[in-house]
Amino acid sequence: MSKPASNHSDPKVLISAEKLDERIAELANEIQNDYAGREIVAICVLKGSFIFFSDILRKIDLPTSCEFLGVSSYGDKKVSSGEVKVTLDINEPLENKHVILFEDIVDSGLTLSYLIANLRARRPASLRTCSLLMKPDSMRVDIPVDYVGFKIGPEFVVGYGLDYAGKFRGLPFIGFLEAEH
Ligand code: 5GP
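A brief structural summary. (Residues numbered from 1 in each chain as written. Predicted model: local features only at pLDDT ≥ 70, side-chain atom pairs only at ≥ 80, totals over all residues. Heavy atoms only, no water.)

1. A few points about the pairing of strand β2 (residues 40-46)
The test is simple: Burial here depends on accessible area, computed with a 1.4 Å probe over protein chains only, as a share of the maximum for the residue type. Under 20% is buried, over 50% is exposed, and the range in between is partly exposed. Put simply, DSSP H or I for four residues or longer makes a helix, DSSP E for two residues or longer makes a strand, and each gets a number counted from the N terminus. Only strands joined by at least two bridges in the DSSP assignment are considered to pair. When the strands point away from the viewer and the connection leading from the first strand across the helix to the second strand turns clockwise, the crossover is called right-handed.
Counted residue by residue, β2 has six buried out of seven residues, so it is predominantly covered. Of the pairings in the sheet, the one linking β2 to strand β3 (residues 64-73) comprises seven bridges and is parallel in character. Directly across from V45, in β3, lies its bridge partner L69. Taken together, β2, helix α2 (residues 50-57) and β3 constitute a β-α-β crossover, and its handedness is right-handed. In terms of strand pairing, β2 meets strand β5 (residues 98-106) through five bridges, oriented parallel. Residue pairing in the sheet places C44 in a bridge with F102 of β5.

This is the structure:
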């Protein structure tokens, strides 16, 4: 992922709140149809997914239990190493459950790859992944992302749960930061 220069202006809109709402309703509908008649365990990957998770969950009309998984990446912040530290684990057993993992963004895919391996070891009946955003040109591993909201370019994005240096998570849209000249 390429990060913005520290000298930047206010975020510009890349995906508006309206477009987010529309696409999330479509994703929710797809998930609801695919899982009709089943109960799901929805896992929110903290922190970046918390707004996406709460919005999509309210649009999925299925019996659902919610779990929260806290992760933070180790090492060099500019390039994901794939080494992931679990800062908050799920206490409930996932064995024989239908699990959907909700991510904010898949960049190199290394974080998701680690999480898939970690969750598969808990022997769920099924495991699918849903990411609001994906950067297909940055992917370094071949992992399944079953539901994707938007495919975007390599730019560093903020808002709607995503931060830059702890800021911008509360923006209602997905934005990008332009360097100031
Ligand atoms: P990956 O392991 O797929 O390279 O990285 C995934 C994680 O990197 C995401 O969960 C997110 O925390 C962070 N990340 C990747 N791209 C962006 C971006 O454009 N903006 C923000 N705020 N975080 C990003």
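2. So, the sheet that holds strand β1 (residues 12-15)
An order of β1-β9-β8 is seen for the three strands of this open sheet, with the pairing classed as antiparallel. Edge positions in the sheet fall to β1 and β8 (157-158), since each of these pairs with one other strand and no more. Sheet topology note: the β1/strand β9 (residues 174-176) ladder contains three bridges and is antiparallel. When the bridges of β9 are listed, K12 appears paired with F176.

3. Here we look at the site of the ligand
For the record, the criterion: A single heavy atom is enough: if one lies within 4 Å of a molecule or strand, its residue is considered near that molecule or strand. Counted as a polar contact is a pair of N or O atoms within 3.5 Å, where, for protein atoms, one must be capable of donating a hydrogen and the other of accepting one, and residues adjacent in sequence contribute only when both atoms are in side chains.
Taken together, 17 residues form the shell around the ligand, and within it S108, T111, K135, V157 and D163 come nearest. Contact between the ligand and T111: an oxygen atom at 2.5 Å from a side-chain N or O atom of the residue. Within the backbone of V157, one N or O atom sits 2.7 Å away from a nitrogen atom of the ligand. The element best represented in the shell around the ligand is β5, accounting for four residues.

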